[in-house]
2 protein chains.
Amino acid sequence: MTLSSTPSPPYYAVIFTSLRTDDADGYGLTAERMMELAVEQEGFLGVDAARDPDGVGITVSYWRDLACIASWRKHGEHTAARNSGRQRWYRCFSLRVAKVERASEWAEGS
Amino acid sequence: MTLSSTPSPPYYAVIFTSLRTDDADGYGLTAERMMELAVEQEGFLGVDAARDPDGVGITVSYWRDLACIASWRKHGEHTAARNSGRQRWYRCFSLRVAKVERASEWAEGS
């Protein structure tokens, strides 16, 4: 388990926060597939994700620019997955697109 | 359990991603205290947090502007907590400051 390492700013972060329904059918596989696909997209820089046992999930993906984010948004499989998400897997979610202006990393012993 | 509701952009997000050590002593109380204090700060707009059972934690806090973020950073108790974090609770972390340009929310039945 590691954290995403990203290039120097500026770049973009897409912050997706969500609460799940109890319907887990197909969710895990689709989430894995979206991760696989995202990594292949133009301008993808990395992703960090956590789901708390109490139900809050946060996924932050990092992108070179807004055009790359728009292009990923239009991807057919991604669009279908988002529709399933609204119909079955999520009670609610928020999506924020933000320009990273400053970033720092720290590691034990560094 | 709910997600943070924030005003219309622009505003700022501070994205804190981390991996914990096995040392949990004092961590929970300090995390709770930091949450209590953050809520009282000028320009604080909200916070979402999740820690995955596999160890990745993500906390995203939302702020009116950079001055408010800088002021919270200088708060004495917060500075002390960050020092303890580096000494005891975190293996590594990343901090990103990002300007939220677009945001949307969705909820079941909405």
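Before reading further, recall that the structure is shown in the block above.
Criteria and thresholds
Residues numbered from 1 in each chain as written. Chains lettered and ligands numbered in written order. Predicted model: local features only at pLDDT ≥ 70, side-chain atom pairs only at ≥ 80, totals over all residues. Heavy atoms only, no water. Helix = DSSP H or I, 4+ residues; strand = E, 2+ residues; numbered from the N terminus. Rg over C-alpha atoms; globule rule 2.2 N^0.38 Å. Buried < 20%, exposed > 50% of the residue type's maximum accessible area, 1.4 Å probe, protein only. Contact = heavy atoms within 4.5 Å. Areas by Shrake-Rupley, 256 points an atom, 1.4 Å probe, with all protein chains shown as cover. Lys, Arg positive; Asp, Glu negative; His and termini not counted. Charge placed at Lys NZ, Arg CZ, Asp CG, Glu CD. Core = buried A, V, L, I, M, F, W, Y, C linked by side-chain atoms within 4.5 Å. Buried area = accessible area lost by both parts, 1.4 Å probe. Salt bridge = Lys/Arg side-chain N within 4 Å of Asp/Glu carboxyl O. Polar contact = N/O pair within 3.5 Å; in protein donor to acceptor, adjacent residues only side chain to side chain.

> Even after reading the chapter, I still don't get the overall build of chain A, so can you show me in this structure?
Across its full length, chain A carries 3 helices and 4 strands. Helices and strands appear in chain A in the N-to-C order β-α-β-β-α-α-β. Its C-alpha atoms give chain A a radius of gyration of 15 Å, within 12% of the compact-globule value 13 Å for 110 residues. In terms of overall dimensions, chain A has a C-alpha envelope of 40 × 35 × 20 Å along the principal axes. The buried share of chain A, reckoned over its 110 residues, is 45%. Within chain A, residue pairs in contact and separated by at least 24 positions form 75% of the contacts whose partners lie at least 6 positions apart. Accessible surface computed for chain A: about 5,700 Å², of which carbon and sulfur atoms make up 51%. Positive and negative side-chain charges of chain A, numbering 13 and 15 respectively, have mean locations separated by a distance of 9 Å.

> Where do I start with the nonpolar core in this structure?
Nonpolar side chains in soluble globular proteins tend to end up buried together. A:Ile15, A:Ile58, A:Val60, B:Ile15, B:Ile58 and B:Val60 are the most contacted members of the largest nonpolar core, which totals 26 residues. Looking at this core, the elements that each hand over two or more residues are strand S1 (11-20), strand S3 (56-63) and strand S4 (90-107) of chain A together with strand S1 (11-20), strand S3 (56-63) and strand S4 (90-107) of chain B.

> Explain the interface of chain B and chain A to me, please; I cannot follow it from the model alone.
One frequent convention defines the size of an interface as the accessible area lost when the parts assemble. In this complex, chain B contributes 45 residues to the contact, which on the side of chain A involves 45 residues. Among the residues chain B hides against chain A, the three largest losses belong to B:Leu3, B:Arg96 and B:Trp106. Together they make up 20% of the total. Inspection of the region where chain B meets chain A yields 2 salt bridges. Ionic pairing is found between B:Asp48 and A:Arg96, a salt bridge with its closest N-O pair at 4.0 Å. Linking chain B with chain A are 23 residue pairs in polar contact (both at pLDDT 80 or more).

> Hey, could you run me through the environment of B:Arg20 in this one?
Residue and element names in this part refer to chain B. The residue arginine 20 is located in strand S1 in this model. In this structure, the C-alpha to C-alpha distance between arginine 20 and glycine 85, residues 65 residues apart in sequence, is 9.1 Å. When residues no more than four places from it in sequence are discounted, the contact partners of arginine 20 are Tyr27, Arg51, Gly55, Trp89, Tyr90 and Arg91. Among the polar contacts listed, one links the side chain of arginine 20 to the backbone oxygen of tryptophan 89, at a separation of 2.9 Å.

> I'm lost on the environment of B:Trp89 in this one. Help?
You can see B:Trp89 is positioned in helix H3 (residues 76-89). With residues near it in sequence (within four places) discarded, B:Trp89 still touches B:Leu19, B:Arg20, B:Thr21, B:Asp23, B:Ala24, B:Asp25, B:Gly26, B:Tyr27, B:Thr30, B:Ala81 and B:Ser84.

These figures capture arrangement, not role.
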